[in-house]
Amino acid sequence: MPRVHISQHPVMVHKMTALRNKHTPPPQFYRLVKEIGSLLAYEATAQLDLVEKVIETPLESMTGYKLAGGIGITPILRAGLGLAEGFREVLHDVQIWHLGLRRDEHTLQAMEYYNRMPHNVDFQICYVVDPMLATGGSAIDTVNILKEKGVRRISYACIIAAPYGLLKLRQAHPDIDIYIAALDERLNDYGFIVPGLGDAGDRQFGTF
């Protein structure tokens with residue numbers, strides 16, 4: 001699919017295996033989510049715009065570069081928090097915009113319960129981050145909300161995507177870039193990604 005980027009990095013594959021393991025305890029799981037978030041951030045920021053900046057080195061002046069404009073990170077609560085921290089390790093001067101969406105277990109539709117978005121959205125880009133792209137409902141709704149706020153450039157990053165959710169997101173928003181660590185086989189009858197890793201929020205925060 002156009003504008004879909006699936007990581008092929010061996011370090012990512014290594015960390016994904018540990019993340020999927022059902023015996024990985026919550027503290028280690030959360031740390032892995034952050035580390036994978038940092039790896040995704042490096043891949044997702046490869047196309048950011050730069051502007052020139054003159055600086056003084058210890059020896060002479062030179063023209064370097066800095067990012068052109070601010071960056072926003074929108075984690076879909078609560079599971080997206082670990083990924084957002086990983087992005088923040090790479091991009092320290094970011095704004096974190098919190099959006100709470102939960103999935104109705106009967107309809108599988110996303111329901112908004114918290115929205116803390118900024119008044120000023122004059123940024124170069126906003127990254128929507130969420131560990132799992134299953135049915136695509138939360139991702140689609142989040143991008144809709146950001147576009148309604150006036151955000152002009154949006155990318156989406158997740159750890160694992162199912163083909164169904166990826167297709168739905170591409171159909172709804174063909175103008176955004178999508179970065180994923182792994183593309184899995186399918187959704188089961190309960191809307192969970194298979195083989196997946198279980199519930200990313202529960203495994204991060206130990207709420208089994």
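The structure we're discussing is the one just above.
What counts as what
- Residues numbered from 1 in each chain as written.
- Predicted model: local features only at pLDDT ≥ 70, side-chain atom pairs only at ≥ 80, totals over all residues.
- Heavy atoms only, no water.
- Disulfide = S-S within 2.5 Å.
- Buried < 20%, exposed > 50% of the residue type's maximum accessible area, 1.4 Å probe, protein only.
- Core = buried A, V, L, I, M, F, W, Y, C linked by side-chain atoms within 4.5 Å.
- Helix = DSSP H or I, 4+ residues; strand = E, 2+ residues; numbered from the N terminus.
- Contact = heavy atoms within 4.5 Å.
- Salt bridge = Lys/Arg side-chain N within 4 Å of Asp/Glu carboxyl O.

Engineer: Please provide a residue-by-residue account of the state of the cysteines, values included.
Structural biologist: This structure, assessed with the given rule, holds zero disulfides. Cysteine Cys 126 remains unbridged, with the sulfur of Cys 158 as its closest cysteine sulfur at 15 Å. Owing to a relative accessible area of 0%, Cys 126 belongs among the buried residues under this scheme. Since its relative accessible area comes to 0%, Cys 158 is described here as buried.

Engineer: Break down the nonpolar core for me, citing the residues and quoting the values.
Structural biologist: Side chains of nonpolar character tend, in soluble globular proteins, to be buried together. Grouped together as the largest cluster of nonpolar side chains are 34 residues, with contacts concentrated most on Met 16, Leu 19, Phe 87, Tyr 127 and Ile 159. Contributing elements (two or more residues each) for this core: helix H1 (10–20), helix H2 (26–44), strand E4 (71–77), helix H3 (81–90), strand E8 (125–129), strand E10 (154–161) and strand E11 (177–183). In this structure, Phe 87 is in contact with Gly 37, Ser 38, Leu 40, Ala 41, Ala 44, Ile 73, Tyr 127, Val 129 and Ala 157, ignoring residues within four places of it in sequence. Core analysis: the next-biggest nonpolar cluster, separate from the first, contains 21 residues, Ile 76, Ala 139, Cys 158 and Ile 180 among them.

Engineer: Can you break down H3 residue by residue, with the values?
Structural biologist: Every buried residue of H3 is accounted for by Gly 82, Leu 83, Ala 84, Gly 86 and Phe 87. Taken together, the buried residues of H3 touch H2, E4, E8, E10 and helix H6 (200–205).

Engineer: Could you give an account of the pattern of salt bridges, naming the residues involved and the relevant values?
Structural biologist: Here the structure, examined in full by the defined rule, presents seven salt bridges. Here Lys 15 ties to Glu 35 by a salt bridge, and the two come within 2.8 Å at their closest N and O atoms. Of this pair, Lys 15 sits in helix H1 while Glu 35 is found in helix H2, placing the two residues 20 residues apart along the sequence. Between Arg 78 and Asp 202 there is a salt bridge; the shortest N-O distance is 2.6 Å. With Arg 78 in the loop between E4 and H3 and Asp 202 in helix H6, this residue pair connects regions lying 124 residues apart in the sequence. Several salt bridges converge on common partners, so that one network encompasses Lys 15, Arg 31 and Glu 35.

Engineer: Help me get a handle on the side chain of Lys 15, residues and values and all.
Structural biologist: Accessibility expressed as a relative area gives 17% for Lys 15, which makes it buried. Setting aside chain neighbours within four positions, we find Lys 15 in contact with Leu 32, Glu 35, Ile 36 and Leu 39.

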